[in-house]
There are 2 protein chains.
Amino acid sequence: MSIIVQKYGGSSVADAGRIKNVARRIAATRQRGSGVVAVVSAMGDTTDHLIDLAHKISPSPPPREMDLLLSTGEIVSCTLVAMALNEMGHKAISLSGGQAGIQTDTAHTRARITGLDPSRIHKELEQGHTVIVAGFQGVTEGMDVTTLGRGASDLTAVALAIGLKAERCEIYTDVEGIYTADPRLVPQARKLKEIGFEEMLELANYGAKMQPRSIELAAAYTMPVLVCSSFVDAPGTLIHGGLSMENRNKVAGVAADRNVAKITVLGVPDRPGIAATVFEPLAREGISVDTIVQNASVDRLTDLTFTVARTEAQRALEVTEPVARSIGARGCASAQNLAKVSVVGTGMQNAPGYAATMFRALYDAGINIEMITTSEIRITCIVDEAKVPEAVRALHAAFQLEKE
Amino acid sequence: MSIIVQKYGGSSVADAGRIKNVARRIAATRQRGSGVVAVVSAMGDTTDHLIDLAHKISPSPPPREMDLLLSTGEIVSCTLVAMALNEMGHKAISLSGGQAGIQTDTAHTRARITGLDPSRIHKELEQGHTVIVAGFQGVTEGMDVTTLGRGASDLTAVALAIGLKAERCEIYTDVEGIYTADPRLVPQARKLKEIGFEEMLELANYGAKMQPRSIELAAAYTMPVLVCSSFVDAPGTLIHGGLSMENRNKVAGVAADRNVAKITVLGVPDRPGIAATVFEPLAREGISVDTIVQNASVDRLTDLTFTVARTEAQRALEVTEPVARSIGARGCASAQNLAKVSVVGTGMQNAPGYAATMFRALYDAGINIEMITTSEIRITCIVDEAKVPEAVRALHAAFQLEKE
């Protein structure tokens, strides 16, 4: 029997009515003849409520306790989905992450999956059960409950799909699929029928609504992932590795990420080892540095600029200021209200002119480019956050993404 | 190091402020030099909310799913108590029932504890941790989560106290201890300093606020149980097996249970095997029958009356009516608004006159006795529910329970 793994996000299971709706979708898949393993997130904003509750008691609760607390959200929703299926006459059983065999390391609140023991799931499927699994969680060798990081129910689903050798992984969410740009910003945005793993990874990293770690994992095992709506019946977007050449030679979409702040270390003496001196303390604090730009030096002095998530800007500044003093730099400056807009597509690898088109489109729209960063299949410009809607619309038009 | 097991009920952990208060009590015990294992119930009416949520989805959810769902309530509260202790600088760790080593059979929603593996708790205590355990739950051999029945956090606490060879088990609740009668009915009611296991068991079965199964278990292993308030600092009531002779020769208290209905099978032919024919179908349906009275037969016909919990009266009637027809009885009658009032005390074993005093007191108060049932240390009268307050007050006065 072929197995399909499905994942339903928090908004898809936000109340009893939606849970019944999810159960109907699962039952329909089951009736088409596949074994179904469905991963569910916590209902609505349950996770935020639990975090608030914890913070009323402790500003920084121990990560192990936090994980055991938060894991209850997904357990509640998976038992309710199982109940709804049973009520409809479909045998179903819910499993916590640990019961489902998801083994992790002990890095609480951001654990990594170290293994999967699918024996319990296989046993339940053989007995004709549909299996509902609590997303976002696993268990250590010592039987402590861990969570895999925010949004990691996607990761649970992809990992289970791989471990169970599923036909594919289906991600049900509140959007209909992956678009050429955010439809709220660009009314002409077009839903993609398919997209390659690498492009999806860049889109996910730069603003599209799926967890990047899940895409990486799916790509590593070439597990096809279908992203579609849990509310409307419409074809979604298939993320896979077998795109035709034609489909590969294009810009796939425009992404935007508003969570960007910039820190500049001014007047840095240009000598070997300076970059390491600046970035090692940030790494030790667990602050992810994104784009780094170092200008050509003038009189053996240079400016070193980097971006971090806006939520980490204050901490990054506190870490960097004493370092700047210690290396004899002139000081630090920071700017909060920035965003990244990115053009993503495998087509860009071999064809020149994409970057020029992008810069020209932003210039014509009167948008100043603060920094530029590129990968093989992505060009990103950092711009004023207020300009994001205009920038995305300008790029969508310049690359004619509204056309099939 | 001596170990004390404490249990905090749902009202004691109903919000963040109360959770911090519980953490302070636990910390104070820890600072007096004992290792502390604290069992907690779900916050406030969490369990009822979860049951409501399940019933929105299914009128009769599968018991296995119900157990996994309900188990989350206690996990939330135990992680929060552990966080509060850590915030106060006391190392603490929370454990689910399964992590705490509580093994049960597979009778979901009313599982029985089959074993306890205390190794994880001992390991944590040795590392200087205070251990917070989710009450009311355990795990089967197959790693499925079970619950032990309503109010069974008391049972978790007593079982852990026995398994860990604790010095004693302390039950913290919203009353200050065990009283000679419900203080809301009898203002003169007196808090008992101590009470024997058998008397407490009768009181618990007949209305006092503690789970009877827990008392039975504590009695079987002579584990002393202290019942006291989590809100005020006042000496509680110690339930133990070592009462002095003097303390044993008394009425301990008056209990009342309002959850009583009566069913009478009228005109039953008085021949052997009738009782079995009537009660076996009830047992098969899992309906607990309490008091049974069979009148002397007149013309080889008799009336057979029994009581059940009021919540089960309708079901009991549905089971019994066809049976009554099949044995040629005249029919069934039922009455819902009944209650039991009981006088409990080891003193009654050897001294006559207690029953007479009881019946006289009720008669003087104008209360009709519907049925009578006795154990070695208890006399129970079934009366009109509306008469409970007067009955309890009359009995409290007749046995002079306000006096030490």
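### Notes on the overall build of chain A
And step 1. Secondary structure assignment for chain A yields 12 helices and 18 strands.
And step 2. The C-alpha radius of gyration computed for chain A amounts to 23 Å, which stays within 12% of the reference 22 Å derived for 404 residues, consistent with globular compactness.
And step 3. Oriented by its inertia axes, the alpha-carbon framework of chain A measures out at about 75 × 50 × 30 Å.
And step 4. Counting all 404 residues of chain A, 50% fall into the buried class.
And step 5. Put simply, of all contacts in chain A between residues at least 6 apart along the chain, 74% involve residues at least 24 apart.

### What to know about the pairing of strand β11 (residues 225-229) of chain A
Residue and element names in this part refer to chain A.
And step 1. In this sheet, β11 lies alongside strand β9 (residues 168-173) in parallel orientation, the contact comprising 5 bridges. The residue of β11 that forms the bridge with Tyr 172 is Cys 228.
And step 2. As paired elements, β11 and strand β12 (residues 237-240) share 3 bridges and run antiparallel to each other. Looking across to β12, one finds that Leu 226 is bridged to Leu 238.

### A short note on the domain arrangement of chain A
And step 1. Along its sequence, chain A is carved into domain 1 (3-174) and domain 2 (255-398).
And step 2. Summarising the inter-unit geometry, the C-alpha centres of domain 1 of chain A and domain 2 of chain A are found 37 Å apart.

### Regarding unusual backbone geometry
All names here are of chain A.
And step 1. Positive phi outside glycine occurs at Thr 222, with the angle close to 40 degrees.
And step 2. Tracing the chain through its elements places Thr 222 in the loop between α7 (212-220) and β11.
And step 3. Classification of Thr 222 as exposed rests on a count of 11 C-beta atoms within 10 Å.

### Some points on the interface of chain A and chain B
And step 1. In this assembly, 26 residues from chain A lie in contact with 26 residues from chain B.
And step 2. Where the side of chain A that touches chain B is concerned, the elements lending two or more residues are α1 (16-31), α2 (46-57) and α3 (63-87) of chain A.
And step 3. When grouped by side-chain class, the residues that make up the side of chain A that touches chain B number 16 nonpolar, 6 polar and 4 charged.

### Re the sheet that holds strand β14 (residues 289-294) of chain B
All names here are of chain B.
And step 1. In spatial order, the strands read β14-β15-β13-β16-β18-β17; together these 6 strands make up an open sheet with antiparallel pairing. Whereas interior strands pair on both sides, the edge strands pair on one side only; in this sheet they are β14 and β17 (371-375). For this sheet the average axis-to-axis angle between neighbouring strands, irrespective of direction, equals 30 degrees.
And step 2. Taken together, the 5 bridges between β17 and strand β18 (residues 378-384) define a ladder with antiparallel strand orientation. When the bridges of β18 are listed, Thr 374 appears paired with Ile 379.
And step 3. Packing against the sheet, helix α6 (residues 197-205) makes contact with β13 (253-269), β16 (331-344), β17 and β18, and its axis sits at approximately 145 degrees to β16.
And step 4. The strands touched by helix α9 (residues 274-284) within the sheet are β13, β14 and β15 (301-309), with β13 carrying the most contacts at an inclination of about 125 degrees.

### Looking at the environment of A:Glu404
And step 1. Tracing the backbone through its elements, the reader meets A:Glu404 in the segment after α12 (388-398).
And step 2. Separated by 186 residues in sequence, A:Glu404 and A:Ala218 have C-alpha atoms that sit 26 Å apart.

### Quick notes on the sheet that holds strand β6 (residues 130-134) of chain A
Residue and element names in this part refer to chain A.
And step 1. Taking strand neighbours across the sheet as the criterion, the 8 strands line up as β3-β6-β2-β1-β9-β11-β12-β10 in an open arrangement whose pairing is mixed. This sheet does not close on itself; its edge strands, each paired only once, are β3 (92-95) and β10 (194-196). Averaged over all pairs of adjacent strands, the angle between their axes in this sheet comes to 20 degrees, without regard to strand direction.
And step 2. Two elements, β10 and β12, share 3 bridges in a ladder whose sense is parallel.

### Notes on the relation of the copies chain A and chain B
And step 1. Rotating chain A by 180 degrees and translating it 0.1 Å along the rotation axis places it on chain B, where the RMSD comes to 0.1 Å. Interpreted geometrically, this transformation is the action of a two-fold axis. It is A:Thr72 whose C-alpha, among those of chain A, lies nearest the rotation axis, at 2.6 Å.

What counts, and where the lines are drawn
- Residues numbered from 1 in each chain as written.
- Chains lettered and ligands numbered in written order.
- Predicted model: local features only at pLDDT ≥ 70, side-chain atom pairs only at ≥ 80, totals over all residues.
- Helix = DSSP H or I, 4+ residues; strand = E, 2+ residues; numbered from the N terminus.
- Rg over C-alpha atoms; globule rule 2.2 N^0.38 Å.
- Buried ≥ 20, exposed ≤ 12 C-beta atoms within 10 Å, placed from the backbone.
- Contact = placed C-beta atoms within 7 Å.
- Pairing = 2+ DSSP bridges.
- Domains from an automatic or database assignment.
- Nonpolar A, V, L, I, M, F, W, Y, C, P; charged D, E, K, R; others polar.
- Axes fitted to C-alpha atoms, helices over the stretch in contact; angles between N-to-C directions.
- Least-squares fit on C-alpha atoms with pLDDT ≥ 70 in both.

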